[in-house]
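Residues per chain are reported as follows:
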Amino acid sequence: MGNICTTDSSIQHRNDKIKDAKIIFVVGGPGSGKGTQCEKVVAKYGYTHLSSGDLLRAEVSSGSERGKNLQAIMQRGELVSLDTILEMIRDAMIAKADVSKGFLIDGYPREVKQGEEFEKQIGKPCLLLYIDAKPETMVKRLLKRGETSGRSDDNEETIKKRLDLYYKATEPVIAFYESRGIVRKIDSELSVDDVFGQVSKAIDAL
């Protein structure tokens, strides 16, 4: 019995730790370059990068029952449920709580409700980086990635569907966090280093 109590209190302790963590949401369409920018932030600032897409793909690769269901949903170009994503992000944050200087949550929230739920269960973001590229730029980058990635969702029809979903979902999210004054819009049409210059400036100002 004592062991169970210890485990519970230790989980609670780690949950408390992530509540105080620096959390940055990174929002940008598929192909906006947000993954590349997140890698550079990790290298410079010691943050942990958690991509909802990567967490989902890892689950699919694991061959679990949940992974098979997720694969079917993603192949149809649909979005995975809020609860599933949040659970995976929270587990990953707790696992890194002791070693991370902060968390970059990439590709989340996709809707205002997700952001509110995240704050209830995990903590508040101190910044939202909006990595903004033109739709035609994102399509071009994703088609190029599709040539080498082997990802079944990197074809033009699915890409356009994903972009439509992204814009519909993201506009209210950006507006919600703009009202709190924590959104920094990053022009992702520039070179990778110039884009990172803007990102660094936003993080250094925290």
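Residues numbered from 1 in each chain as written. Predicted model: local features only at pLDDT ≥ 70, side-chain atom pairs only at ≥ 80, totals over all residues. Heavy atoms only, no water.

Moving on to empty space enclosed by the protein. Here the idea is plain: a probe the size of a water molecule rolls over the atoms and shows the empty space left. Applying the stated criterion to the full structure yields 1 cavity of 30 Å³ or more. In this structure, the largest cavity spans a volume of roughly 30 Å³. Every residue lining the largest cavity is listed: V26, K34, Q37, C38, V41, L104, L129, I131 and V199. Looking at the lining of the largest cavity, the elements with two or more residues in it are α2 (34-45) and β4 (127-132). (1 Å grid on protein atoms, 1.4 Å probe; cavity = no way out; pocket = protein on both sides within 12 Å on 5 of 7 lines; lining within 4 Å. Points joined across faces, edges and corners; volume = space filled by probe spheres on them. Helix = DSSP H or I, 4+ residues; strand = E, 2+ residues; numbered from the N terminus.)

Taken in spatial order, the 5 strands of this open sheet run β2-β3-β1-β4-β5, and their pairing is parallel. Two strands lie at the open edges of the sheet, namely β2 (48-51) and β5 (183-187), each paired on one side alone. Across the sheet, the mean angle separating the axes of adjacent strands is 20° when strand polarity is ignored. Where β4 lies against β5, 5 bridges are found, and the strand directions are parallel. Residue pairing across strands places Y130 opposite K185, the latter belonging to β5. (Pairing = 2+ DSSP bridges. Axes fitted to C-alpha atoms, helices over the stretch in contact; angles between N-to-C directions.)

The next subject is the UniProt feature "binding site: ATP" (unreviewed entry) in the protein. The positions that UniProt labels "binding site: ATP" (unreviewed entry) are, in the present scheme, G31, S32, G33, K34, G35, T36, R145 and L190. Considered against the largest cavity, the annotated residues that line it turn out to be K34. Along the polypeptide, G33 turns up in the loop between β1 (23-28) and α2. Here L190 shows up in the loop between β5 and α9 (192-204). Note on L190: relative accessible area 42%, which makes it partly exposed. Leaving out residues up to four positions away in the same chain, L190 has contacts with V195 and Q198. (UniProt positions renumbered as here; feature names shortened; annotations may be inferred. Buried < 20%, exposed > 50% of the residue type's maximum accessible area, 1.4 Å probe, protein only. Contact = heavy atoms within 4.5 Å.)

With that out of the way, let us pick up the packing of aromatic side chains. Taken as a whole and assessed by the stated rule, the structure comprises 7 aromatic pairs. A ring pair is formed by Y45 and Y47, whose centres lie 6.4 Å apart and whose planes are at 80°; its orientation type is edge-to-face. Overall, Y45 belongs to the buried group, its relative accessible area being 15%. Pairing F176 with Y177 gives two aromatic rings, centres 4.9 Å apart and planes at 85°, and the pair type is edge-to-face. Members of the aromatic cluster, connected to one another through ring pairs, are F25, Y108, F118, F176 and Y177. For K40, the ring lying beneath its charged end belongs to F196, and the centroid distance is 5.4 Å. (Phe/Tyr/Trp six-rings, centres within 6.5 Å; stacked < 30°, edge-to-face > 60°. Lys NZ or Arg CZ within 6 Å of the ring centre and 35° of its normal.)

Moving on, we come to the layout of surface pockets. Approximately 970 Å³ is the volume attributed to the largest pocket. As for the largest pocket, its lining consists of 38 residues, of which P30, K34, G53, R151 and R162 are closest to the centre. The set of elements that each furnish at least two residues to the lining of the largest pocket consists of β1, α2, β2, α3 (52-61), α7 (135-149) and α8 (156-178). When grouped by side-chain class, the residues that make up the lining of the largest pocket number 12 nonpolar, 14 polar and 12 charged. Reported here for the second largest pocket is a volume of approximately 230 Å³. Forming the walls of the second largest pocket are R57, V60, S61, Q71, M74, Q75, G150, R151, S152 and D153. Every element with two or more residues in the lining of the second largest pocket is listed here: α3 and α4 (65-75). Here the residues of the lining of the second largest pocket sort into 2 nonpolar, 5 polar and 3 charged. (Nonpolar A, V, L, I, M, F, W, Y, C, P; charged D, E, K, R; others polar.)

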